[in-house]
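Analysis of the macromolecular model
Here is what each chain is made of, one letter per residue.
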Amino acid sequence: MQKSPEVTENPIRLSEEDRAKVGVLIRASHRSPMSLEDVLPWNDGIDKSKLPKREDGGWIYGTEQWRGLTGDQQRELLWKELARDISMFIWLEQTLPPLYVGYVNKYPFSLHPEVYEYLMIFSREEITHTLMFRRYMKMAGLPLFSPPKGFYAQFTQQLPTLHPVFGILSTLMIEWGTELSVMYLTQRDEVDPLTRKMIHAHHMEEARHIAFGKRVIESFFASTPAEALAPIRDQFAQIYRSYKDEFTFNRDIGLHTSFPFPIDVADDAAVAQVRTSENNRRLNSERLGELDRWLAQLGIQ
Ligand SMILES: [Fe+2]
Ligand SMILES: [Fe+2]
């Protein structure tokens, strides 16, 4: 059988310098592998009388509907919103091991050894993260939201059939965005300590995943002709806009509050209004600025 060039050529080429940097990430990872049992003081429990994130990080914070809720309802809403963020991590991160190990098997002889090893490590780390997030959600009694529409099918069905750079950029965009946001929202005194520690522990490993993704993508963009990049730029600009919409306000929240949710989530105009509220515009520019700038440098905007 004839071998297709697609599977015999190295799809993730890095310079010597980048390969050495990936080597640094690999060593950091092996030095301190995350242990589910020890990563958090699980016995401390979760204090839901505290906040799960800063109050002004609420999706409808600052609106008339927010002001119409009681203090208990506002706090419950913030916890349910955090449940969406953690659900997003769970759904995304459990798709990554098959996707990334899939690349390892699709290109068995052509990957740089550092890329091979990092894809394996990345996958192992995401499995531990997914288990940590699921344990946390159970302890906190928080609901698992449905998989994000579109994205989940993309990660499980479409991306495995495409060039790895699509999977790596899709992953980077979502992980980096969500990661910037939860760090911005939770690393504060008023936040439940276990929640704050979990987000921080995850951040330590994600910072390496992000560094890896950035190197792969920057190197791909630097070595690919402009005409081949143009459709990729358009496609990812669209994906990023739709990711931001879903992430700023997700309609499924209406299914998870113990009280009638004060906005009609089936009303597109009402949803658009809350997504572009003054507070959400401020939040997105503060927490996502770094990612916006990096994407703009690649011509994705
Ligand atoms: Fe993760
Ligand atoms: Fe990750």
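A few points on the structure.

About the criteria used
- Residues numbered from 1 in each chain as written.
- Chains lettered and ligands numbered in written order.
- Predicted model: local features only at pLDDT ≥ 70, side-chain atom pairs only at ≥ 80, totals over all residues.
- Axes fitted to C-alpha atoms, helices over the stretch in contact; angles between N-to-C directions.
- Helix = DSSP H or I, 4+ residues; strand = E, 2+ residues; numbered from the N terminus.
- Left-handed = near helix turned anticlockwise from the far one by under 90°.
- Contact = placed C-beta atoms within 7 Å.
- Nonpolar A, V, L, I, M, F, W, Y, C, P; charged D, E, K, R; others polar.
- Bend = angle between axes of the 7 residues up to and from the residue.
- Buried ≥ 20, exposed ≤ 12 C-beta atoms within 10 Å, placed from the backbone.
- Core = buried A, V, L, I, M, F, W, Y, C linked by C-beta atoms within 7 Å.

Observations concerning the packing of helix α8 (residues 164–186) against helix α9 (residues 193–223)
Taken N-terminus to C-terminus, the directions of α8 and α9 make an angle of 145 degrees; their axes are 8 Å apart at the nearest point. The way α8 lies across α9 gives a crossing that is left-handed. Contacts between α8 and α9 involve Val 165, Ile 168, Leu 169, Thr 171, Leu 172, Glu 175, Trp 176, Glu 179, Val 182, Met 183 and Thr 186 from the first element and Thr 195, Arg 196, Ile 199, His 203, Glu 206, His 209, Ile 210, Gly 213, Lys 214, Val 216, Ile 217 and Phe 220 from the second. Taken together, the residues of the contact of α8 with α9 sort by class into 12 nonpolar, six polar and five charged.

Remarks on helix α12 (residues 278–297)
A maximum bend of about 70 degrees is found in α12 at Leu 288. If you check which residues of α12 are buried, you get Asn 280, Leu 283, Leu 288 and Leu 295. Residues of α12 that are buried sit in contact with α8, α10 (226–248) and α11 (268–275). Following α12 by one or two positions, Gly 299 has its phi on the positive side, about 85 degrees.

A look at the environment of Arg 196
With respect to the helices and strands, Arg 196 occurs in helix α9. Overall, Arg 196 belongs to the buried group, with 21 C-beta atoms counted inside 10 Å. Counting along the chain gives 13 residues from Arg 196 to Met 183, while the straight-line C-alpha distance between them is 8.4 Å. Ignoring sequence-local partners within four residues, the contact set of Arg 196 consists of Thr 186, Gln 187 and Val 191.

What about the nonpolar core?
Within soluble globular proteins, side chains that are nonpolar tend to cluster in buried spots. In this structure, Ile 86, Leu 92, Val 115, Tyr 118, Phe 122 and Met 173 are the most contacted members of the largest nonpolar core, which totals 58 residues. Among the secondary structure elements, those contributing two or more residues to this core are α2 (16–31), α4 (71–93), α5 (96–106), α6 (113–140), α8, α9 and α10. Broken down by element, the residue count for this core peaks at 11 residues, all from α4. When sequence neighbours within four positions are dropped, the list of residues in contact with Leu 92 reads Phe 155, Ile 174 and Glu 175.

Let's talk about the environment of Gln 273
With respect to the secondary-structure elements, Gln 273 resides in helix α11. A C-alpha to C-alpha distance of 43 Å links Gln 273 and Asp 18, two positions 255 residues apart in sequence.

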